[in-house]
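Listed below are the residues making up each chain.
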Amino acid sequence: MNLDLLEKLTQTFGPSGYEDAIRDVIRQEVAPLVDEVRVDPLGSLVAYRKGTGGGQKIALAAHMDEIGVMATYVEEQGYVRFTSIGGLRPLNCVGSRVRFANGVVGVVSMERRDDVNSMPALQHLYIDVGATSREDCPVAVGDPGQFIGPLVRQGNRLVSKTMDDRVGCYVLIEALRQLKETPHEVYAIFSTQEEIGLAGARTSAFRVDPDMAISIDVTGTGDTPKAHPMAVELGKGPAIKVKDGGMIAHPLVRDKLVAAAQEAGLPYQMEILLGGSTDAAAMQLVRAGVPSGCVSIPCRFIHSPSEMVDAADVENAITLLVTALRV
Ligand SMILES: [Zn+2]
């Protein structure tokens, strides 16, 4: 496993709408692996690989944006109030650190609250960036920030901020590296603004006009204490989506992925995710409709600064994708 690449991908700045730095990292990696690279008007990077003929036009999407914070107001004492970029749980924020685009680091904390029995909301939180007044605060209203969370490997488990969805970007890059020949016209979309409404994949898929679309993203697991019952477990193989909160995977795509997993002889799981969705939900609705599905990487603690995946699941997701694209 190329841990250096995964580290670079997970750590690079790129909250939704501010993906320039992460796009540069990905462009450097994929440019030598494809025939053409372009950037769409909303910032998605589209890497095109020619097929040998007789195949379909297949769009693959992994989103390169990440959840984060955006400064909304600076208090007189210099504390920064913020709103969320993407789905943020206040409990996951308290005690964490954030880094703004200009490099300033802050600690997220919570006001003293008399009612300790109710859940805190984002409006109860603030960021301490070391300022003592509004005037000397190095963060301005509108500044976006990312969470801090280094990549750590412990046995087969990998923990980092932004596995969602930089591990999907990693899978897509490595699949392009391993894919020697394919009959299909492959369009690898590294999409923007997934976390706030699937904007990049929707617009890039419209331009590609594919016959089939597959997103590569993380999914939840049911294997933690008192988790929602869910058949997906960490380390039991990549998951093939049947349904999530935003779509039903097209049976043609689902079955193609199942056949590929069986052909490659790798473990896989069928995924039904009750809430949340992926770029595939947007791609299936462009133009006259696109049969779409998803290769999911099981992930614990999604949308926290410490998202956990299993290295074998990641490797098997790459093999699954490459096998599916060969026929
Ligand atoms: Zn995601």
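Residues numbered from 1 in each chain as written. Predicted model: local features only at pLDDT ≥ 70, side-chain atom pairs only at ≥ 80, totals over all residues. Heavy atoms only, no water.

Visitor: For this particular structure, what's the right way to read the sheet that holds strand β3 (residues 57-63)?
Guide: Sheets are built from strands that pair by backbone hydrogen bonding, the pairs being arranged parallel or antiparallel. The mixed open sheet is built from eight strands, whose spatial order is β1-β2-β12-β3-β13-β16-β14-β15. Strands at the two margins of the open sheet, each flanked by one partner only, are β1 (36-39) and β15 (269-272). For this sheet the average axis-to-axis angle between neighbouring strands, irrespective of direction, equals 25°. Both strand β13 (residues 212-219) and strand β16 (residues 292-298) contribute to a ladder of seven bridges, which runs parallel. Each bridged residue has a counterpart across the sheet, and for V218 the counterpart in β16 is I297. On the sheet, helix α6 (residues 251-264) packs against β13, β14 (239-243), β15 and β16 and is oriented at approximately 160° with respect to β14. (Pairing = 2+ DSSP bridges. Helix = DSSP H or I, 4+ residues; strand = E, 2+ residues; numbered from the N terminus. Axes fitted to C-alpha atoms, helices over the stretch in contact; angles between N-to-C directions. Contact = heavy atoms within 4.5 Å.)

Visitor: Sorry, what's going on with the coordination of the zinc ion here?
Guide: Angles between donor atoms at a metal ideally measure 109.5 degrees for a four-coordinate tetrahedral arrangement and either 90 or 180 degrees for a six-coordinate octahedral one. All of the protein donors around the zinc ion are H63 (NE2), D164 (OD), D217 (OD) and D217 (OD); their distances to the metal are 1.9 to 2.7 Å. Sequence positions of the donors to the zinc ion reduce to the motif H-x100-D-x52-D. A residue pair is termed long-range when its members are at least 10 positions apart, and D164 in helix α4 (residues 163-178) and D217 in strand β13 qualify at 53 residues. The class of D164 is buried, set by a relative accessible area of 6%. Overall, D217 belongs to the buried group, its relative accessible area being 4%. (Donors = N, O, S within 2.8 Å, 3.2 Å for Na, K, Ca; no water. Buried < 20%, exposed > 50% of the residue type's maximum accessible area, 1.4 Å probe, protein only.)

Visitor: When you look at the pattern of salt bridges in this model, what are you seeing that I'm missing?
Guide: Pairing between side chains of opposite charge can happen when their charged atoms approach one another. Evaluation of the coordinates by the stated rule reveals 18 salt bridges. For R23, the salt bridge identified is with D20, shortest N-O distance 3.6 Å. Of this pair, R23 and D20 both sit in helix α2 (residues 20-30), separated by three residues, roughly a single helical turn. Residue E75 is joined to R81 by a salt bridge in which the shortest nitrogen-to-oxygen separation is 2.6 Å. (Salt bridge = Lys/Arg side-chain N within 4 Å of Asp/Glu carboxyl O.)

Visitor: So what exactly am I meant to see when it comes to helix α5 (residues 199-208) here?
Guide: The α-helix advances 3.6 residues per turn, and as a result positions three or four apart in sequence lie on the same side. If you check which residues of α5 are buried, you get G200, A201, S204, A205 and V208. Summarising the axial view, the buried residues of α5 lie within an arc of 115°, below the 170-degree limit, and thus occupy one face. Next to the buried residues of α5 lie β1, β2 (45-49), β3, β12 (185-191) and α7 (279-283). D209, located one to two residues past α5, shows a positive phi value of around 55°. (Arc of directions from axis to C-beta.)

Visitor: Looking at this model, I keep getting lost on the nonpolar core. Mind explaining?
Guide: For soluble globular proteins, nonpolar side chains are generally found buried alongside one another. By size, the foremost hydrophobic cluster in this structure holds 54 residues, and its most contacted members are I26, L60, F190 and L321. Aside from chain neighbours lying at most four places away, what touches L321 is L60, V171, L172, A175, I216 and V295. In terms of nonpolar packing, the next biggest core, distinct from the first, is built from 20 residues, A71, V80, L122 and L125 among them. (Core = buried A, V, L, I, M, F, W, Y, C linked by side-chain atoms within 4.5 Å.)

Visitor: I'm lost on the environment of P32 in this one. Help?
Guide: As for its placement among the helices and strands, P32 is situated in the loop between α2 and β1. Taking relative accessible area as the criterion, P32 reaches 65% and is therefore assigned exposed. Put simply, P32 and L176 are 144 residues apart on the chain and 9.9 Å apart in space, counted from C-alpha to C-alpha.

Visitor: What is the right way to look at the pairing of strand β6 (residues 97-100) in this model?
Guide: Along any regular strand, the residues point their side chains to alternate faces of the sheet. Judged by which residues are buried, β6 turns out to be one-sided: V98 and F100 face inward and are buried, whereas R97 and R99, on the alternate face, are not. Sheet topology places β6 next to strand β7 (residues 105-110); three bridges connect them, and they run antiparallel. Bridge pairing in β7 links R99 to V105. Where β6 folds back on β7, the antiparallel hairpin that results is connected by four residues, among which G103 adopts a positive phi of roughly 95°. Inspection of the sheet shows β6 paired to strand β9 (residues 144-147) by three bridges, in the antiparallel sense. By the bridge assignment for β9, V98 is matched with F147.

Visitor: Teacher, can you tell me more about the packing of α4 against helix α8 (residues 311-326) here?
Guide: Pairs of packed helices are described in terms of their axes, by the angle between the two and the distance that separates them. Look at α4 against α8: their axes get within 9 Å of each other, and the N-to-C directions meet at 50°. The orientation of α4 relative to α8 falls into the category oblique. Like other packed secondary-structure pairs, α4 and α8 cross with a definite hand, here right-handed. Taking contact as the criterion, the partners of V167, Y170, V171, L172, E174, A175 and Q178 in α4 are, on α8, V314, A317, I318, L321 and V322. Residue composition of the contact of α4 with α8, grouped by class: ten nonpolar, one polar and one charged. (Parallel < 35°, antiparallel > 145°, perpendicular 65-115°, else oblique. Left-handed = near helix turned anticlockwise from the far one by under 90°. Nonpolar A, V, L, I, M, F, W, Y, C, P; charged D, E, K, R; others polar.)

Visitor: When you look at the packing of α6 against α8 in this model, what are you seeing that I'm missing?
Guide: Closest axis-to-axis distance for the α6/α8 pair is 8 Å, and the angle between their directions is 110°. With respect to each other, α6 and α8 are oriented roughly perpendicular. Contact residues: α6 offers K256, L257, A260, A261, E263 and A264, while α8 offers T319, L320, T323 and A324. Within the contact of α6 with α8, the residues separate by chemical class into six nonpolar, two polar and two charged.

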